[in-house]
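Structural features, examined
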Amino acid sequence: MNALHLMAELIFMPLIAFIVGMMMVLMMRKISARLQRRIGPPFFQPLYDIVKLYGKDTQISHGLIHDIGIIMAVGGYIGAEILLPVPGMEGIAAKGGVITLSYFLMIPSLGMALGVGQCANPNGSIGISRALTAMLAYDIPFILVVFGAAWHYQSTSLIGMIEYQQVHQWGIVEMPLLAIAGLFALQGMLGKQPFEIYIAPAEIATGPMVEMSGKYMGGLFVMQTFQLYTAGVLYASLFLGGGTSFLTLLPKAFLVVALPMSIAFMFPRYKTEDVIRILWKWPVMLGLISLAFIL
Amino acid sequence: MKKELKIKQKERTNPLAHVFDDFIRFCQSKSLFMLHYCTGCGAIELPPAMTSRFDMERLGIQPMVTPRQADILLITGYVSIKTLKRVILTYEQMQSPKYVIGICSCTVNGGMYWQSYATAKKLNEYMPVDVYIAGCMPRPEAVMAGLQRLKDNIRNDKKEHKGSAWKDYFKRYDYYLGNQQALFGEDWQTPTDIIAEAKLYGLETEETYGKHTKLLEKHQTPLLPQEMRIK
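Numbering of residues starts from 1 in each chain and follows the order in which that chain's sequence is written. In the order they appear in the text, chains get letters beginning with A and ligands get numbers beginning with 1. The predicted origin of the model limits local features to residues at a pLDDT of at least 70 and limits the giving and counting of side-chain atom pairs to 80 or more, whereas totals for whole chains, interfaces and linings rest on all residues. Side-chain metrics in this entry use all non-hydrogen atoms of the structure; hydrogen atoms and water are not considered.

**Re the domain arrangement of chain B**
Residues and elements named next belong to chain B. Formally: Domain start and end points were adopted from an automatic or database domain assignment. Any two residues having at least one pair of non-hydrogen atoms within 4.5 Å are treated as being in contact. Buried area: the accessible surface (1.4 Å probe) lost by two parts on joining, summed over both. Here a salt bridge means any side-chain nitrogen of Lys or Arg lying within 4 Å of a carboxyl oxygen belonging to Asp or Glu. Here a polar contact means two N or O atoms within 3.5 Å. Within protein one must be a hydrogen donor candidate and the other an acceptor candidate, and residues neighboring in sequence count only if both atoms are side-chain atoms. All amino acids are sorted into three groups, where Ala, Val, Leu, Ile, Met, Phe, Trp, Tyr, Cys and Pro are nonpolar, Asp, Glu, Lys and Arg are charged, and the leftover types, Gly among them, are polar.
For chain B, the assigned domains are domain 1 (17-163) and domain 2 (172-221). Taking the mean C-alpha position of each, domain 1 and domain 2 sit 23 Å from one another. Domain 1 puts 13 residues into the contact, and the matching count from domain 2 is 14 residues. Interface area, domain 1 with domain 2, both sides summed: about 1200 Å², of which 64% is carbon and sulfur. Linking domain 1 to domain 2 there are 0 salt bridges. On the surface where domain 1 and domain 2 come into contact, there are 3 residue pairs in polar contact (both at pLDDT 80 or more). Considering only residue class, the side of domain 1 that touches domain 2 consists of 8 nonpolar, 2 polar and 3 charged.

Written out as structure tokens, the structure is:
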């Protein structure tokens with residue numbers, strides 16, 4: 001019974017993540033459309049896109065590593081979903097804490113780097129080298145945030161953190177500076193302006209995605225849904241008190257994901273070295289000051 | 001000379017195959033990624049069609065930047081002979097099902113460049129065109145109507161067979177290659193092996209081959225990976 005229960009959770013947690021993630025993609029596209037005074041895509045647009053990409057007649061593979069890279073990119077996030085507790089379902093979250101989760105969050109970028117490397121497209125190589133540099137930039141504040149939160153809650157388990165916040169106050173009230181640093185890292189992690197140099201459609205033709213087509217592109221679209229969901233739910237669990245039911249958790253997660261998109265169009269695009277400079281300066285400084293208060 | 005060819009269709013054993021096909025076709029008509037090859041003045045009409053006034057995204061159409069990702073190749077204006085080479089290279093790199101839309105009179109019949117020695121007059125002599133949008137230049141309303149027509153064609157492809165013009169490129173490759181060779185010379189060759197693709201999809205007919213493909217075989221040099229060298 002117990003094993004069956006766990007199996008069901010391992011299936012349902014990524015599935016919920018996928019469906020909610022598609023809604024988040026829709027929300028982001030709607031927000032950018034409304035900001036530009038457009039109507040935006042219809043409700044099922046993310047689903048249409050994914051089905052169409054998987055249904056293409058031509059599927060060009062550039063080799064085995066290309067295939068494995070995409071599987072790593074999607075699989076890393078599926079691994080992350082079952083470590084991310086949601087109301088009613090814990091998966092294996094009790095066994096692997098937030099540290100395991102932050103390792104899992106790096107796998108997709110590395111998988112993409114592998115896959116793009118075999119495409120041998122110069123735009124792709126430029127894009128992925130920029131993406132990995134950006135990862136280096138946002139991971140330092142991200143690790144600081146995770147460390148600070150874990151120290152504050154005296155637990156590396158997300159379940160423990162959520163329980164603490166539901167008894168005491170939300171994390172964002174108790175350590176506001178760390179929460180702001182987390183938002184900075186989130187902007188970089190989601191690759192929104194001003195940290196989207198590695199996509200740069202007009203300059204390097206969407207960088208890492210340049211040779212991706214058909215189901216490979218579809219895999220990346222699926223990855224994006226997981227990415228948004230993970231970012232939203234993780235931030236909500238760390239700072240916004242998680243949730244006792246989906247009705248309280250999902251609005252927080254949607255709000256967290258909506259923030260970067262809403263402010264994205266105010267910014268131009270930073271160069272790669274400037275991305276590192278700004279991400280290693282401000283959020284790290286905020287994080288360190290916050291750590292000084294916490295420790 | 002006519003060749004006897006047996007076209008092998010893949011056997012489909014899934015009883016729900018047609019349902020899946022219909023669903024995929026529906027999604028294809030709802031989600032179109034567009035690569036715009038802006039050659040002439042028609043490009044001016046695209047920004048209003050994409051931005052707040054007419055908003056293509058509500059039809060599920062969004063711009064993409066590489067031929068690998070795109071479904072529609074949108075050619076907006078006159079195609080000079082030099083440009084046409086690039087257009088054909090781009091078209092052959094796209095993933096089927098792929099669609100071509102010719103905007104402006106110049107792609108229909110040469111338009112005001114009819115007497116020019118340097119332009120290709122009719123686009124559909126060199127690649128199958130799904131929808132032409134005539135006008136000099138067509139207004140965004142016309143562009144939107146053309147895109148809507150393409151969506152309807154894709155959706156009703158099962159009955160009317162208007163949304164699969166891309167198959168024509170494989171079925172009648174000799175005709176298209178002949179027109180290309182007439183412009184670019186006998187040794188014209190693209191990096192894509194169309195005949196092999198036609199075999200893969202089971203789309204080769206007797207018109208796939210002809211004297212032009214023979215000429216291509218004579219001049220074809222095998223494609224090798226580029227040598228990596230630091231100068």
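After that view, the rundown keeps rolling.
**Brief notes about the interface of chain B and chain A**
One widely used convention gives an interface's size as the accessible area the parts lose upon coming together. Which entries qualify depends on this criterion: Secondary structure counts use DSSP, requiring at least four H or I residues in a row for a helix and at least two E residues in a row for a strand, with both numbered from the N terminus.
Counting residues at the interface gives 28 residues for chain B and 32 residues for chain A. A combined buried area of about 2500 Å² lies between chain B and chain A, and 56% of that area is made up of carbon and sulfur atoms. The largest share of the area that chain B buries against chain A comes from B:Glu57, B:Arg68 and B:Gln95, three residues that together contribute 24% of it. Our count for the contact surface shared by chain B and chain A stands at 6 salt bridges. Here B:Asp71 and A:Lys56 are joined by a salt bridge, their closest N and O atoms 2.4 Å apart. Broken down by element, the residue count for the side of chain B that touches chain A peaks at 6 residues, all from helix H1 (residues 17-30) of chain B. Of the residues belonging to the side of chain B that touches chain A, the class tally is 12 nonpolar, 10 polar and 6 charged.

**Considerations on the nonpolar core**
Put simply, the test is: Here, the term nonpolar core denotes a set of buried Ala, Val, Leu, Ile, Met, Phe, Trp, Tyr and Cys residues that are joined through side-chain atoms within 4.5 Å. For each residue, the accessible area found with a 1.4 Å probe, counting protein chains only, is set against the maximum for its type, and the residue is called buried under 20%, exposed over 50%, and partly exposed in between.
Residues A:Met24, A:Leu158, A:Met212, A:Tyr229, A:Leu234, A:Leu238 and A:Phe239 are the most contacted members of the largest nonpolar core, which totals 88 residues. Broken down by element, the residue count for this core peaks at 16 residues, all from helix H11 (residues 214-239) of chain A. If sequence neighbours within four positions are ignored, A:Leu238 has contacts with A:Val145, A:Ala149, A:Tyr153, A:Leu158, A:Met161, A:Gln165 and A:Gly171. Counting 53 residues, the second-largest nonpolar core is a separate cluster that includes B:Leu46, B:Ile72, B:Leu74 and B:Val143.

**Focus on helix H5 (residues 140-155) of chain B**
Applied cut-off: How far a helix is expected to stretch is found by multiplying one less than its residue total by 1.5 Å.
Spanning 16 residues, H5(B) covers 23 Å between terminal C-alpha atoms, matching the ideal 22 Å at 1.5 Å per step. Among the residues making up H5(B), those that are buried are B:Pro140, B:Val143, B:Met144, B:Gly146, B:Leu147, B:Leu150, B:Lys151, B:Asn153 and B:Ile154.

**Quick word on the pattern of salt bridges**
Per the counting criterion, the structure on display carries 13 salt bridges over all chains. The partner of B:Asp55 in a salt bridge is A:Arg38, with the nearest N and O atoms 3.2 Å apart. Linking B:Asp55 in the loop between helix H2 (46-50) and strand S2 (61-63) with A:Arg38 in the loop between helix H1 (2-35) and helix H2 (45-54), this pair reaches from one chain into another. Residue class for B:Asp55 comes out buried when judged on its relative accessible area of 2%. The partner of A:Arg269 in a salt bridge is A:Glu196, and the shortest N-O contact between them spans 2.4 Å. Taken together, the positions of A:Arg269 in the loop between helix H12 (246-264) and helix H13 (272-294) and A:Glu196 in the loop between helix H9 (176-189) and helix H10 (201-204) put the pair 73 residues apart, joining distant regions of the chain. A:Arg269 gets classed as partly exposed once you look at its relative accessible area, which sits at 31%. In the salt-bridge network here, residues are joined through shared partners; they are A:Arg29, A:Arg38, A:Asp49, B:Asp55 and B:Glu57.

**Some points on the sheet that holds S2(B)**
All names here are of chain B. Formally: Here, a strand pair is defined by DSSP locating no fewer than two bridges between the strands. Angular values range over 0 to 180 degrees, each being the angle between N-to-C directions of two axes fitted as lines to C-alpha atoms, with helices fitted over their stretch in contact.
If you trace the 5 strands from one edge of the open sheet to the other, you get S2-S1-S3-S5-S7, paired in parallel fashion. Of all the strands in the sheet, the pair left with one neighbour each is S2 and strand S7 (131-133). On average, adjacent strands in this sheet sit at an angle of 25° to one another, irrespective of strand direction. Relative to S7, strand S5 (residues 99-103) is paired through 3 bridges, and the arrangement is parallel. Bridge pairing in S7 links Ile101 to Val131. Its contacts with the sheet place H5 against strand S1 (32-37), S2, strand S3 (72-76), S5 and S7, and it is angled at close to 170° to S7.

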